[in-house]
Amino acid sequence: MRVVRTVLELREALDYMRMGGHTPVGFVPTMGYLHEGHASLIRKAGEMANTVVMSIFVNPLQFGPNEDFSSYPRDERRDLELAEREGADIVFIPGVEEMYPEPIRTKVSVDSLTTQLCGASRPGHFDGVTTVVSKLFNMVQPDYAFFGLKDAQQVAVLRRMVSDLNINVEIIACPIVREGDGLALSSRNVYLSGEERTQALVLSRSLRETRKAIEEGTVRTVEEARKLLESVISSSPLAVIDYVEILSFPDLETLEGGSLLSDAEGEVIMALAVKFGRTRLIDNNVFIPKEVHALV
Ligand code: AMP
């Protein structure tokens, strides 16, 4: 595994792999502090590509002024061990100076898909994401790029960006990896106190219980589903809800509260953002209501 820190070194390492016929190239962008969720993306990349590139870059552009950019957890040595163990070939770890040698004057922005959910609570966040991912795509020029459905809105936004701008990469969305007790893995879980972590289980529980109620037919409308999610989350005294939403996926369009879930065409997302103390956690479930009802 090669560790490179400059764009020039990255291009040289990639040229070497491409000249040796080690294509296609798969790319896994991350902010580091790697866990099993990231590992699953590297493994998936290894199945589909002959060169696996991972980047580790905590991107200042996607953090708001009062967010956790400076305190975001970092552990390069442990990250490199995990990357090597999981089969990454090239790890790109640029500093902020390498990514942004001058104040950036060009930004990539996807509209409409970024005004709701996390886009509403974190203004400018998705512009930071689409800008850095565009830069990384230009540097790596991957055939495939792997993203987790943990950040489902990010997947929707990046798919649209790639399609709108004719970027020659296929976005592969990978399932959410969870702890045994249901908590979605996140680098930010380290911020949680023991009590917060216990109470944070309401997120996955609310999604599970609501999915079950939809499958059993006891919850039929969008509003009933939203209410059930909210009531399970509110059973945790430490939970402060940022949003609980049910939207079409990947268009992220509002579904009428009174409408039947079974009338929704295609996929639907139940998306949550909830704060426990100073830690904001997200979780979601994407499903096809028509198929859920077909099981009943
Ligand atoms: P991050 O380092 O948090 O920016 O995440 C890098 C990539 O890993 C993104 O595509 C995330 O969606 C993905 N990821 C983070 N947590 C998980 C998880 N629990 N399961 C699957 N993918 C994840």
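Residues numbered from 1 in each chain as written. Predicted model: local features only at pLDDT ≥ 70, side-chain atom pairs only at ≥ 80, totals over all residues. Heavy atoms only, no water.

Colleague: Tell me about the site of the ligand, and please be specific about residues and values.
Modeller: The local shell around the ligand holds 17 residues, among which Met31, His38, Asp151, Val177 and Leu185 are the closest. One nitrogen or oxygen atom from the main chain of Met31 is found 2.9 Å from an oxygen atom belonging to the ligand. Out of a free accessible area of 480 Å², the ligand has 92% covered by protein chains. Among the elements of the structure, strand S2 (25-30), helix H2 (36-48) and strand S5 (144-148) are those that each provide at least two residues to the shell around the ligand. Of the residues assigned to the shell around the ligand, the class counts are nine nonpolar, six polar and two charged. (Near = heavy atom within 4 Å. Polar contact = N/O pair within 3.5 Å; in protein donor to acceptor, adjacent residues only side chain to side chain. Areas by Shrake-Rupley, 256 points an atom, 1.4 Å probe, with all protein chains shown as cover. Helix = DSSP H or I, 4+ residues; strand = E, 2+ residues; numbered from the N terminus. Nonpolar A, V, L, I, M, F, W, Y, C, P; charged D, E, K, R; others polar.)

Colleague: Lay out the domain arrangement of the protein with the relevant residues and their values.
Modeller: Parsing the protein into structural domains produces domain 1 (2-174) and domain 2 (187-289). With both chains or domains summed, domain 1 and domain 2 bury close to 1,700 Å², and 58% of this area falls on carbon and sulfur atoms. Between Arg188 and Asp68 there is a salt bridge; the shortest N-O distance is 2.8 Å. Summed over the shared surface of domain 1 and domain 2, the result is ten residue pairs in polar contact (both at pLDDT 80 or more). Taken together, the elements giving at least two residues each to the side of domain 1 that touches domain 2 come down to helix H5 (118-121) and helix H7 (152-164). Of the residues forming the side of domain 1 that touches domain 2, the biggest block, three residues, is contributed by H7. Taken together, the residues of the side of domain 1 that touches domain 2 sort by class into ten nonpolar, seven polar and four charged. (Domains from an automatic or database assignment. Buried area = accessible area lost by both parts, 1.4 Å probe. Salt bridge = Lys/Arg side-chain N within 4 Å of Asp/Glu carboxyl O.)

Colleague: Now, about the environment of Tyr144: what can you tell me, with residues and values included?
Modeller: Along the polypeptide, Tyr144 turns up in strand S5. Distance from Tyr144 to Val133, taken between C-alpha atoms, is 13 Å for residues eleven residues apart in sequence. Sequence-distant contacts of Tyr144, defined by excluding residues within four places in its chain, comprise Pro24, Val25, Gly26, Phe27, Met48, Val169, Glu170 and Ile172. (Contact = heavy atoms within 4.5 Å.)

Colleague: Go over helix H9 (residues 201-216) with me, naming the residues and quoting the values.
Modeller: In this model, H9 (16 residues) spans 22 Å end to end at C-alpha, consistent with the 22 Å of a helix rising 1.5 Å per residue. Of the residues trailing H9, Gly217 is marked for its positive phi of about 85°. (Expected span 1.5 Å × (residues − 1).)

Colleague: Give a detailed account of the pairing of strand S8 (residues 267-276), specifying residues and quantitative values.
Modeller: Of all ten residues in S8, eight are buried; the element is thus mostly enclosed. Here S8 pairs with strand S9 (residues 279-287) via nine bridges, running antiparallel. Looking at the pairing, Met270 lines up with Asn285 of S9. (Buried < 20%, exposed > 50% of the residue type's maximum accessible area, 1.4 Å probe, protein only. Pairing = 2+ DSSP bridges.)

Colleague: Account for the sheet that holds strand S4 (residues 90-92), naming residues and giving values.
Modeller: Judged by pairing direction, the sheet is parallel, and its six strands sit side by side in the order S1-S4-S3-S2-S5-S6 without closing on themselves. Unpaired on one side and paired on the other, strand S1 (2-4) and strand S6 (170-174) mark the two borders of the sheet. With direction set aside, neighbouring strand axes in the sheet form an average angle of 25°. Pairing analysis gives six bridges linking S2 to strand S3 (residues 51-56), with the strands arranged parallel. Its bridge partner lying in S3, Val25 is registered against Thr51. Relative to S5, H2 is tilted by about 155°, and along the sheet it contacts S2, S3, S5 and S6. Along the sheet, helix H6 (residues 125-140) makes contact with S2, S3, S4, S5 and S6, crossing S2 at roughly 150°. (Axes fitted to C-alpha atoms, helices over the stretch in contact; angles between N-to-C directions.)

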